[in-house]
Every structure is written in structure tokens, then in C-alpha cells.
Amino acid sequence: MPGTVFLPNAGPLGTLIAMELATVVMLIISYNYSYMIQKFPMTGGEFIYAKSAFGNIHGFLCAWFLSLSYLCVIPLNATALNLIMRAVFGEAFMFGFHYTVAGYHVYFGEMLLAVGALMVFMLLTSGGVHITGELQTILVMILIAGIGITAVSGIISPLCSAEKLQPMFHPRSEIFNRGVTAQILAVAVTGPQSFVGFDTVPQLMEETKFSVKRVKVLMDTCIISGGLVYIVLTLFACVSYPENYGSWVEYIDDLPKLSGINGIATLNGSHEILGKAGLGIIFSSVIAAMLTGILGFYTATSRLLYSMARDGMIPSWFSRLNGNGVPVSAGLFCTVISGITCLLGRAVMGWVFDMASIGASVGFAYTSISACKYAYLEKRKDIVIFGVLGFILSLGMALLLLVPLPGLNVSLGSESYILLIVWIVLGGIFYYRRKLHYA
């Protein structure tokens, strides 16, 4: 993201401002989550909140869009494995038959890697949250250690300097002529999907003994840490470009033409500063980050779908549990949908990412307005204020993505709109089937 989304759109200063804004917005929304989790400490989270506050149809809409966001993260990370493997190991997995989707060559070996990873994590999650929780902890420790070493190496390295951050905005970006605000918003609107994950905590409240009183601290720590990681990696990529380029702008503009390690800004930066050791460190961190994404969102998506099925919103098949109390049918659904998406290749993931941001925004908006309603009845003015703010900000981010605005076009591409419509139609079929079943 630093090399392909943040720096090309907003440069280092624009990214810094955008991530700070996104972090503040997410902290406001997490305030609403912590309030609702204390009221409804059960699997389903946002689905339960919206349903209890506004009825079945709103509960379904919230959960269906949010499950889209959660589900999209799984193939995003699975296909990213192929991207990193190409950069570090070259053609090691580029074997067997292949085809092209949106200009990206998809190889059988890479499909095998991505789908194989999905299958492994489906089996791991079937063992219950205690097994996945321990694995997640190990992966997160690897991630944190790697990012910390990367940040320190950039600070102390004589190859990095503040002068290399110039210019502060990308002077040749597609949206440069629209002004600084447009550049910042182009990155800030990725906030819902960039930070999605802290909101998965309520999906596991029935399976863990985690205290609801500690939830807000946990979520805020996740959000602040996430914002810092995005900023650190972006600045690091900005000041550690190859010596044969005159500035980070020249390097980032040339990035799509590059291959191997040089084609991914963060990998290149670590290699430039620390050599092979640095490449190994950042490679381990990136792999750990991808695996936590696959594992965590497998768990969250399956629990959300299970909760919807338990309430009769989608077919009861999704509520089937194994001996460990894990919704295995919902997990299988995640594997099939994610596997099909992986077969389309990495180029399609940009469409998926944009579409997923809409799903996250809907979930955030429903949670915030639900908190506002309950807080108003309880005369909790602080929650009412945060609820209104969270709703307006979440809705605003969704509208920026959905509605093209003159001079400020950061909206979805046509492919993302098509995929979003397909998901809405599928949801309509499920909901209509439910109505017929209970008629």
C-alpha cells in the first residue's frame, strides 16, 4: 500500500495527515463499539446491534455488507502471498498452466499456494479459538518485532534523511491538480478497510472469557498501532528508495515497471538499508501480517454468518457447528468464495479492496447510530455525541466512494460497482428466500 496507494496519491505528508485523520475517526467509532459490546456481549456484533435497534431488515443489511468487508480481506491476503513470493523467490511458484485477468498472469502454482493456504487455515479454525488465538499471538509478535526493527534501522541509517521526503506531495499524481484536500481524501477513504479488524472483537465474545471492560483498550491499541504502522512503512519506503533514482517520486512513478524486490517499496527499502538480513526481517513481518489477516477474518466472517443463520436471516446450513463449537459450514463458504476470488488473480484485488471499504463503512455506521439510539434513551450525552459523529463520518466515507464528485473523484471504479451489485443481488436472494420460508 505505501508504494501503490499512499505515496502515488498523496505523498508522505498527505499520507501522514490522512492516516492521522483515519485513526481519529476509527477511535470515535471504537467508542461506540465499546458501548454496544457492553450492552450485547454476544456473537454477531454489529448484526445484533442493528437488529435490536432498528429491526430485522436493518440487521440483515448491516451484517451482509459487513460480511462482504470481512470476507474480502481473506483473498486479499491470500493473493498477496503470491505477490511477495514473486518478489522474493522469482518464478518459484510460476509453474503449470496460466491465464491472464486484467493484465495479470495467474499461474497454477500460485493458485495452489493461495488456495492451499485457505485450506490450511480452514482446518486450523475448525479447532476452535484457543488454537487460532495462540497462533495469532505468535504471528503478531513477529509482525511487531519486524516493523520495530525496520523503523529503527530507517532512523539510524546514514542512507536515510529528512531531505529525501521532499516533495511532501506527489506532484504528478492523477489527482494533484485537484488540490491537497483531494490527495488526502484519496488515502483517508481507504480508512474503513485499512483499519477493519478491531471491530471483529464482538464476534468472539461468546467463545472467550475476555472481559468486556478491557475491550475499548484493546480496540484503541489496535487502531493506534495500525495507524503508526501505515505511517512508519510509508515514510520508510519514501526515504529508502534506490540510489539510481533522484527522488521518491521518480521511484514510485517507475514502480509498476519494476519486478522482484524493487517492485515493492517496503521490501526494497529494507534491502537497501539492511541487506539480506533486512529483507528477511520485513519478509517475515509481511508474511505474518498476511497470515493474521487470513486467520482472523476467517474466524470473524464465519461467526458473523453463523449469527445471521441462527436468527434465520440466511439458510440454516450456515449455522452448522462441529464438535468444537465452530461454524464449519460458514467456514467452508468462506473458503469457496475466497478460493474463486483468488483464481481471478492479484489485479482484481484492487476492485475487491474498494468494494470492501463500503462494507466496513456500513457496519461502522450502523453500530454508531445504534449506540446513539440506546444512549439517547439512557441519557448518555457522551455516547450520543460520539454516535452521531461516528454515523456521519462512516456515511461520509461510504458516499465519497459511491458518488463521483466534480474535482474530488475518489469513487469506486466500474468493476467494483459490478461486484458490489452482485453481492447485493445475492443478499437479496437470501433475504427473499427467508421471507418465503417464514411466510
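This structure is a prediction, so every number in the text was calculated from the model and none was measured.

Conventions we followed
- Residues numbered from 1 in each chain as written.
- Predicted model: local features only at pLDDT ≥ 70, side-chain atom pairs only at ≥ 80, totals over all residues.
- Heavy atoms only, no water.
- Helix = DSSP H or I, 4+ residues; strand = E, 2+ residues; numbered from the N terminus.
- Rg over C-alpha atoms; globule rule 2.2 N^0.38 Å.
- Contact = heavy atoms within 4.5 Å.
- Areas by Shrake-Rupley, 256 points an atom, 1.4 Å probe, with all protein chains shown as cover.
- Lys, Arg positive; Asp, Glu negative; His and termini not counted.
- Charge placed at Lys NZ, Arg CZ, Asp CG, Glu CD.
- Axes fitted to C-alpha atoms, helices over the stretch in contact; angles between N-to-C directions.
- Parallel < 35°, antiparallel > 145°, perpendicular 65-115°, else oblique.
- Nonpolar A, V, L, I, M, F, W, Y, C, P; charged D, E, K, R; others polar.
- Salt bridge = Lys/Arg side-chain N within 4 Å of Asp/Glu carboxyl O.
- Core = buried A, V, L, I, M, F, W, Y, C linked by side-chain atoms within 4.5 Å.
- Buried < 20%, exposed > 50% of the residue type's maximum accessible area, 1.4 Å probe, protein only.
- Expected span 1.5 Å × (residues − 1).

**Some thoughts on the overall build of the protein chain**
Here is step 1 of the chain: Each helix and strand in the protein chain was counted, giving 14 helices and 2 strands.
Here is step 2 of the chain: Over its C-alpha atoms the protein chain spans a radius of gyration of 21 Å, differing by no more than 12% from the 22 Å that the globule rule assigns to 439 residues.
Here is step 3 of the chain: Here the C-alpha coordinates of the protein chain stretch approximately 70 × 50 × 40 Å along the principal axes.
Here is step 4 of the chain: Relative to all contacts within the protein chain whose residues are 6 or more apart in sequence, the contacts with residues 24 or more apart total 76%.
Here is step 5 of the chain: Accessible surface computed for the protein chain: about 18,700 Å², of which carbon and sulfur atoms make up 68%.
Here is step 6 of the chain: The protein chain carries 23 positive and 21 negative side-chain charges, and their two centres are separated by 13 Å.

**Things to note about the packing of helix 1 (residues 2-39) against helix 6 (residues 180-188)**
Here is step 1 of the chain: Packing of helix 1 against helix 6 brings their axes to within 7 Å, and their N-to-C directions diverge by 75°. In this view, helix 1 runs roughly perpendicular relative to helix 6, as classed from their interaxial angle. Between helix 1, through V5, F6, N9, A10, G14, T15, I17, A18, M19, L21 and A22, and helix 6, the contact on the second element is made entirely by Q183, I184, A186, V187 and A188.
Here is step 2 of the chain: Taken together, the residues of the contact of helix 1 with helix 6 sort by class into 12 nonpolar, 4 polar and no charged.

**A few points about the environment of P315**
Here is step 1 of the chain: Mapped onto the secondary structure, P315 falls in the loop between helix 10 (265-310) and helix 11 (328-342).
Here is step 2 of the chain: For the pair formed by P315 and A398, sequence separation is 83 residues and the distance between their alpha carbons is 28 Å.
Here is step 3 of the chain: Not counting residues within four places of it along the chain, the set of residues in contact with P315 comprises A309, F430 and R433.

**Observations concerning the pattern of salt bridges**
Here is step 1 of the chain: According to the stated counting rule, one finds 6 salt bridges in the structure shown.
Here is step 2 of the chain: Measuring nitrogen to oxygen at the nearest pair gives 2.6 Å for the salt bridge that ties R86 to E110. Remark: E110 occurs in helix 4 (residues 108-125) and R86 occurs in helix 3 (residues 56-89); sequence separation between them is 24 residues.
Here is step 3 of the chain: The shortest N-O distance in the salt bridge between K257 and D254 comes to 3.8 Å.

**Quick notes on the nonpolar core**
Here is step 1 of the chain: M26, I294, M308 and I314 are the most contacted members of the largest nonpolar core, which totals 110 residues.
Here is step 2 of the chain: The biggest single contributor to this core is helix 3, with 19 residues.
Here is step 3 of the chain: Leaving out residues up to four positions away in the same chain, M308 has contacts with F47, F60, A63, W64, M313 and I314.
Here is step 4 of the chain: In this structure, C160, V249, I252 and L255 belong to the second largest nonpolar core, which totals 16 residues.

**Describing helix 5 (residues 129-156)**
Here is step 1 of the chain: Helix length check: helix 5 (28 residues) gives 40 Å between terminal C-alpha atoms against 40 Å at 1.5 Å per residue, within 8%.
Here is step 2 of the chain: Those residues of helix 5 not exposed but buried are V129, T132, Q136, L139, G146, I147, T150, S153 and G154.
Here is step 3 of the chain: In the core, the buried residues of helix 5 are packed alongside helix 4, helix 8 (215-239) and helix 10.

**Let's talk about unusual backbone geometry**
Here is step 1 of the chain: Of note, the amide linkage connecting Q166 to P167 takes the cis form, showing an omega dihedral of -5°.
Here is step 2 of the chain: Even without being a glycine, K379 presents a positive backbone phi close to 60°.
Here is step 3 of the chain: One can find K379 in the loop between helix 12 (349-377) and helix 13 (381-402).

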